[in-house]
Amino acid sequence: MPVAAAHLRAARMDDATVPPAVDVDKGFAMAFVALMGLFLLAMMVRCAKLIVDPYSAIPTSTWEEEQIN
């Protein structure tokens, strides 16, 4: 009978293990997607600002006067 008791005890231990609420790989993937979304949003805002005012990105010290002869 001890073999059956050990088997029953092992079966109960298997049933007692609960899978984690969030898988580690799934968590990393979700965090990566969230970071990529934030990066995309930041790039969209940066590009929109550049389209609205393209000359603000160029320092005025590099501007040159056109020579009229």
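You'll find the structure just up there.
Per chain, residue numbering runs from 1 following the sequence as it is written. Only residues with pLDDT of 70 or above have their local features reported here, since the model is predicted, and side-chain atom pairs are shown and tallied only from 80 upward, although totals for entire chains, interfaces and linings are computed over all residues. For side-chain calculations, the full set of non-hydrogen atoms in the structure is used, while hydrogens and water are omitted.

Caption draft 1: Seen up close, the overall build of the protein chain. Helix and strand assignments come from DSSP, with helices taken as H or I runs of at least 4 residues and strands as E runs of at least 2, each series counted from the N terminus. Helix and strand content of the protein chain: 2 helices and 0 strands. Using a 1.4 Å probe on the protein chains alone, a residue whose accessible area is under 20% of its type maximum counts as buried, one over 50% counts as exposed, and one in between counts as partly exposed. Per-residue burial over the protein chain gives 0% buried out of 69 residues. All accessible-area figures derive from a Shrake-Rupley calculation using a 1.4 Å probe, and residue coverage is judged against the displayed protein chains alone. If you sum the accessible surface of the protein chain, you get close to 7000 Å²; carbon and sulfur atoms cover 69% of it.

Caption draft 2: Representation of helix α2 (residues 24-52). To estimate the expected span of a helix, count its residues, drop one, and scale the result by 1.5 Å. Taking 1.5 Å as the rise per residue, α2 with 29 residues should run 42 Å; its terminal C-alpha atoms sit 42 Å apart, in good agreement. Taken across its 29 residues, α2 has 0 buried, putting it largely on the surface.

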